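So you can see what is in the structure, the chains are spelled out below.
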Amino acid sequence: MNAGAAPATRRRLPTGWLLLAPALLLTGVLLIGLGQMLELSLHELDLSNYRLKPEYSLANYETVLSRPVTWRVLLRTFAGAGLVTLATLILAFPYAYLLVRTPSALVRKALLVALFLPFFIGQVVRAYGWLIILGREGLANAVLTGLGLPAQDLLFSYGTVLFGLVQYMLPFAVLLLIPALAAIPDDIERASEGLGANWPSTFLFVLLPLARPGLIGASVVVFTLTLTDFAMPEILGGGTQDFFASAIYDAFFQISNAGQGAALAMLLTGLGSAVVAVIFILAGTGTLGFRQSR
Amino acid sequence: MTRDVPNPPTLMPDAATAPPMVEIQGVSKRFGDTVAVADASLTLERGAFLTIVGPSGCGKTTLLRMIAGFEHPSAGRIRIHGADVAALPAHKRAIGMVFQRLALFPHMSAADNIAYPLRRRGHAKAGIAARVEEMLALVRLDGLGERRPHELSGGQQQRVAIARALAFGPDLLLLDEPLSALDRHLREGMQLEFRRIQQDLGVTTINVTHDQREALVMSDQIVVMNHGRIEQASDPHTLYREPQTRFVASFLGVTSLFAAEVAAADGDRLTLRVGGETLRGRGLAAPGDAVDCAIRAEHVTVAPAGTPPREGGNTLPGICERVIFEGDRSAVIVRLPALGDRPVSAFAPAAAGLSAGAPVAVHLDPDTLFAFRATTKEELP
Ligand SMILES: Nc1ncnc2c1ncn2[C@@H]1O[C@H](COP(=O)(O)OP(=O)(O)OP(=O)(O)O)[C@@H](O)[C@H]1O
Ligand SMILES: [Mg+2]
């Protein structure tokens, strides 16, 4: 018995690693990319020949950090990501809850279709769609004037960019919340109710804590996706509401300063990772459902 | 189909003055095409222990959920303390419920689970801590309050669920087969312990179980359900001795069933004709009716052939087919040619000297041979 078990365990190990290999490979490539980006960011642009200087320096970081516009865009990006995450979760939670709990198969199907339909329309196309709807002559203003209200400049504002982002992020958040909510047995909520809790109390003391793994997962995904988003701020902001990705793009392709672009990219990666790390630390180790037996 | 169900016995002395704890009148519940509960009526006096039994899917959980306020009846009325609760949400009903799957809060310790109803009801902090200790002691879990549900055994989780349901001093406790997941030993221990707690606190209880023994041992009143209907509601003795439907007769105990025809009727005393023989039994039927007869194993006496027949007849010849030694007694299966070789179960003293293949004389007690008008074409089992 023992003799037979030992080779089996020995054989199992390499199989596990083999299965992991593609993922490890991919992560490895990403890490190499990150390393190259870091190396790039340490070379200043030589304005005499428009090449990167061979020697290492922190000059790019100094330049970037000393410019007020960097901080302004950074603030706009992080505040935007925070607001979008909050708004998305607030909207996604009831949507996912209804989808999981509705007794009607028809309602569930309708909610799923409504969720996935925009999923298949790329972000750029969707942004242009909003451009048309929210434009001076668009549907939104037609409704406003139809109601006897003055037409509004809806485009190219921070609010519009955030709106577009929330609308784009919603399906991601809902999809991440569905399994978390589906894992909460119906009877747990009934039990809370039967023990004297009204609906808000049940939500606060039972539903929300039990949905935490899903909420943390969804906020990390929405936050990082928003933080690095390019198309929505670019198109709906019309160049006035640039997020950090636009600044990186401009550095690389408008002013052709790859060193500076890389420094900006490293800045965003570093700060973004820090925020995510803080979320995980605050939320504790059991966050994503590990080590949590139900 | 309406049936005359005898008035449930009065279980508490003050029942005449106070309104019954629970009154259910003509309650039905439909889920789409499924009729989960059909026209159920029952009355439960304060302090009583009522058990609902019935096969899986017969509507037991649905009935409990309607009393608790988690489902709304499609028809009928539920009164608690004499007041109609149709408009009362579950959190205002002051009913403790232990769910079929317990539904403990996995993110809270046992103590926090028990404190939950007290906190939601705005009890004072100091009082809560004391009450939690008291409840933990009541269910014999002292010292385990800080454990999370998944760190407790099945039986311990069970007790946390009961403590949680009792913590706020509910008037009514609903138990949905909470003991079903436990092994027999633990279950029987919990049954006794639970009966002790229930009697200490005097809380009116409705218990759902699949365990006949549990039902007969613990209850003041038993309700037998089948296909969403209440087949019979009475105290355990009456239920066992005077089953009112074929289903009730066959559901409790080891029962043999066979078909017969009524030859004559005198009140509930019937003369039955079956396979050329005449038997006497009891039931409400008219001459000429086709009936299903049921008799429990303990009312069938098996003796070696040639034993002088008992007075009053009702003894038929048969062949002993199997003798199953059960320790304190033997279960005997006999075949009676008069009943179309249908097997009939009986019990015999272990030393009765019966063996398979031997001819026997089988006596069917006429007082407990029940005949029910055959209402369905269902095959007899
Ligand atoms: N939410 C629901 N939707 C549709 N049908 C339901 C629902 N709840 C119960 N039913 C149906 O109603 C009937 C009664 O169910 P119920 O849960 O009350 O049975 P039960 O007597 O508690 O069975 P068990 O002993 O297996 O727990 C079953 O046929 C079940 O399929
Ligand atoms: Mg049930």
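What counts, and at which threshold
- Residues numbered from 1 in each chain as written.
- Chains lettered and ligands numbered in written order.
- Predicted model: local features only at pLDDT ≥ 70, side-chain atom pairs only at ≥ 80, totals over all residues.
- Heavy atoms only, no water.
- Helix = DSSP H or I, 4+ residues; strand = E, 2+ residues; numbered from the N terminus.
- Buried < 20%, exposed > 50% of the residue type's maximum accessible area, 1.4 Å probe, protein only.
- Contact = heavy atoms within 4.5 Å.
- Areas by Shrake-Rupley, 256 points an atom, 1.4 Å probe, with all protein chains shown as cover.
- Lys, Arg positive; Asp, Glu negative; His and termini not counted.
- Charge placed at Lys NZ, Arg CZ, Asp CG, Glu CD.
- Donors = N, O, S within 2.8 Å, 3.2 Å for Na, K, Ca; no water.
- Phe/Tyr/Trp six-rings, centres within 6.5 Å; stacked < 30°, edge-to-face > 60°.
- Lys NZ or Arg CZ within 6 Å of the ring centre and 35° of its normal.
- Core = buried A, V, L, I, M, F, W, Y, C linked by side-chain atoms within 4.5 Å.
- Axes fitted to C-alpha atoms, helices over the stretch in contact; angles between N-to-C directions.
- Parallel < 35°, antiparallel > 145°, perpendicular 65-115°, else oblique.
- Left-handed = near helix turned anticlockwise from the far one by under 90°.
- Nonpolar A, V, L, I, M, F, W, Y, C, P; charged D, E, K, R; others polar.
- Near = heavy atom within 4 Å.
- Polar contact = N/O pair within 3.5 Å; in protein donor to acceptor, adjacent residues only side chain to side chain.
- Patch = residues over 30% accessible without salt bridge, like charges linked within 9 Å, V, L, I, M, F, W, Y side chains within 5 Å.
- Salt bridge = Lys/Arg side-chain N within 4 Å of Asp/Glu carboxyl O.
- pLDDT = per-residue confidence, 0-100.

### Here we look at the overall build of chain B
No. 1: Helices and strands together make up the secondary structure of chain B, namely 8 helices and 20 strands.
No. 2: Each principal axis of the C-alpha distribution contributes one length, and for chain B these read about 75 × 45 × 40 Å.
No. 3: When the 381 residues of chain B are sorted by exposure, 50% land in the buried category.
No. 4: When contacts within chain B are restricted to residue pairs at least 6 apart in sequence, long-range pairs at least 24 apart make up 68% of them.
No. 5: Per element, the accessible surface of chain B, about 17300 Å² overall, is 51% carbon and sulfur.
No. 6: In chain B, which carries 41 positive and 43 negative side-chain charges, the distance between the mean positions of the two groups comes to 6 Å.

### Some thoughts on the coordination of the magnesium ion (ligand 2)
All names here are of chain B.
No. 1: Of the protein atoms, only Thr 61 (OG1) and Gln 100 (OE1) coordinate the magnesium ion (ligand 2), at distances of 1.9 to 2.6 Å. Here Thr 61, found in helix α1 (residues 60-68), pairs with Gln 100, found in the loop between β6 (95-98) and α2 (110-120); they are 39 residues apart in sequence, far enough to count as distant.
No. 2: Looking at Thr 61, the relative accessible area reads 25%, which means it is partly exposed.

### Concerning the environment of B:Val254
Residues and elements named next belong to chain B.
No. 1: Among the structural elements, Val 254 can be located in the loop between α8 (246-251) and β11 (255-266).
No. 2: Val 254 gets classed as partly exposed once you look at its relative accessible area, which sits at 41%.
No. 3: Expressed as a C-alpha distance, the spacing of Val 254 and Gln 244, which sit 10 residues apart in the sequence, is 16 Å.
No. 4: Contacts of Val 254, omitting those with residues within four sequence positions, involve Ile 295, Arg 296, Ala 297, Ser 345 and Phe 347.

### Observations concerning the packing of aromatic side chains
No. 1: Taken as a whole, this structure holds 15 aromatic pairs over all chains when the rule is applied.
No. 2: Seen from their ring centres, A:Phe116 and A:Phe120 are 6.4 Å apart, and the 25 degrees between their planes marks the pair as stacked.
No. 3: Linked through ring pairs, A:Phe93, A:Tyr97, A:Trp199 and A:Phe203 together constitute an aromatic cluster.
No. 4: Here the basic side chain of B:Arg329 rests over the ring of B:Phe347, its NZ or CZ set 3.5 Å away from the ring centre.

### Topic: the nonpolar core
No. 1: Among the nonpolar cores identified, the biggest contains 116 residues, and B:Ile52, B:Leu172, B:Leu174 and B:Ile206 are the most heavily contacted of them.
No. 2: In terms of residues, this core owes the most to one element, helix α7 (residues 158-182) of chain A, which gives 12 residues.

### Description of the packing of helix α2 (residues 59-66) of chain A against helix α13 (residues 258-283) of chain A
Residue and element names in this part refer to chain A.
No. 1: Between α2 and α13, the least distance of the axes is 9 Å, while the angle of their chain directions is 70 degrees. In terms of orientation, α2 lies roughly perpendicular with respect to α13. In this structure, α2 meets α13 at a crossing whose hand is right-handed. Between α2 and α13, the contacting residues are Asn 60, Tyr 61, Thr 63, Val 64 and Leu 65 on the first element and Gly 259, Gln 260, Ala 263, Leu 264, Met 266 and Leu 267 on the second.
No. 2: Residue classes in the contact of α2 with α13 are distributed as 7 nonpolar, 4 polar and no charged.

### Concerning the site of ligand 1
All names here are of chain B.
No. 1: Looking at ligand 1, there are 13 residues lining it, with Ser 56, Gly 57, Lys 60, Thr 61 and Thr 62 nearest.
No. 2: A distance of 2.5 Å separates an oxygen atom of ligand 1 from a polar atom in the side chain of Thr 61.
No. 3: Isolated, ligand 1 exposes 640 Å² of accessible area, and the fraction of that covered by the protein chains is 62%.
No. 4: If you list the elements that add at least two residues to the shell around ligand 1, you get β2 (34-44) and α1.
No. 5: The element that contributes the greatest number of residues to the shell around ligand 1 is α1, accounting for 3 residues.

### With respect to a nonpolar patch on the surface
No. 1: A cluster of nonpolar side chains, A:Ile133, A:Leu139, A:Val143, A:Leu147 and A:Leu149, forms an exposed patch at the surface whose accessible area comes to about 470 Å².
No. 2: In this structure, A:Leu139 sits in helix α6 (residues 139-146).

### Looking at unusual backbone geometry
No. 1: The backbone phi angle of A:Ser256 is positive, close to 50 degrees, even though this residue is not glycine.
No. 2: As for its position among the elements, A:Ser256 is in the loop between α12 (244-254) and α13.
No. 3: A positive phi angle, close to 50 degrees, is found at B:His227, a residue other than glycine.
No. 4: In this fold, B:His227 is placed in the loop between β9 (221-226) and β10 (229-234).

### Focus: the packing of α2(B) against helix α3 (residues 125-138) of chain B
All names here are of chain B.
No. 1: Relative to each other, α2 and α3 sit at 130 degrees, their axes nearing to 9 Å. With respect to α3, the axis of α2 lies oblique. Crossing angle aside, the handedness with which α2 passes α3 is right-handed. Along its contact with α2, which presents Ala 111, Ile 114, Ala 115, Leu 118 and Arg 119, the element α3 presents Ile 128, Arg 131, Val 132, Met 135 and Leu 136.
No. 2: Of the residues in the contact of α2 with α3, the class split is 8 nonpolar, no polar and 2 charged.

### A look at the confidence of the model for chain B
Residues and elements named next belong to chain B.
No. 1: Mean pLDDT over chain B works out to 87, with 94% of the residues at or above the 70 mark.
No. 2: Predicted confidence in chain B is weakest over helix α5 (residues 184-201), with a mean pLDDT of 81, and strongest over α2, with 96.
No. 3: Considering only residues more than four positions removed or in separate chains, one finds that residues 1-13, a stretch of pLDDT under 50, has 19 contacts.
No. 4: Note that residues 376-381 has pLDDT below 50 and, in this model, 10 contacts with residues that lie over four places away or in other chains.
No. 5: Scored as a whole, the predicted complex attains pTM 0.80, and scored at its interfaces, ipTM 0.80.

### A word on the interface of chain B and chain A
No. 1: On the chain A side, the residues contacting the 20 residues of chain B number 19 residues.
No. 2: Where chain B meets chain A, there are 1 salt bridge.
No. 3: The shortest N-O distance in the salt bridge between B:Arg65 and A:Asp187 comes to 3.2 Å.
No. 4: Of all the elements in the fold, those that place two or more residues in the side of chain B that touches chain A are α2 and α4 (154-166) of chain B.
No. 5: With 3 residues, α2(B) is the largest single contributor of residues to the side of chain B that touches chain A.
No. 6: Taken together, the residues that form the side of chain B that touches chain A break down as 13 nonpolar, 3 polar and 4 charged.

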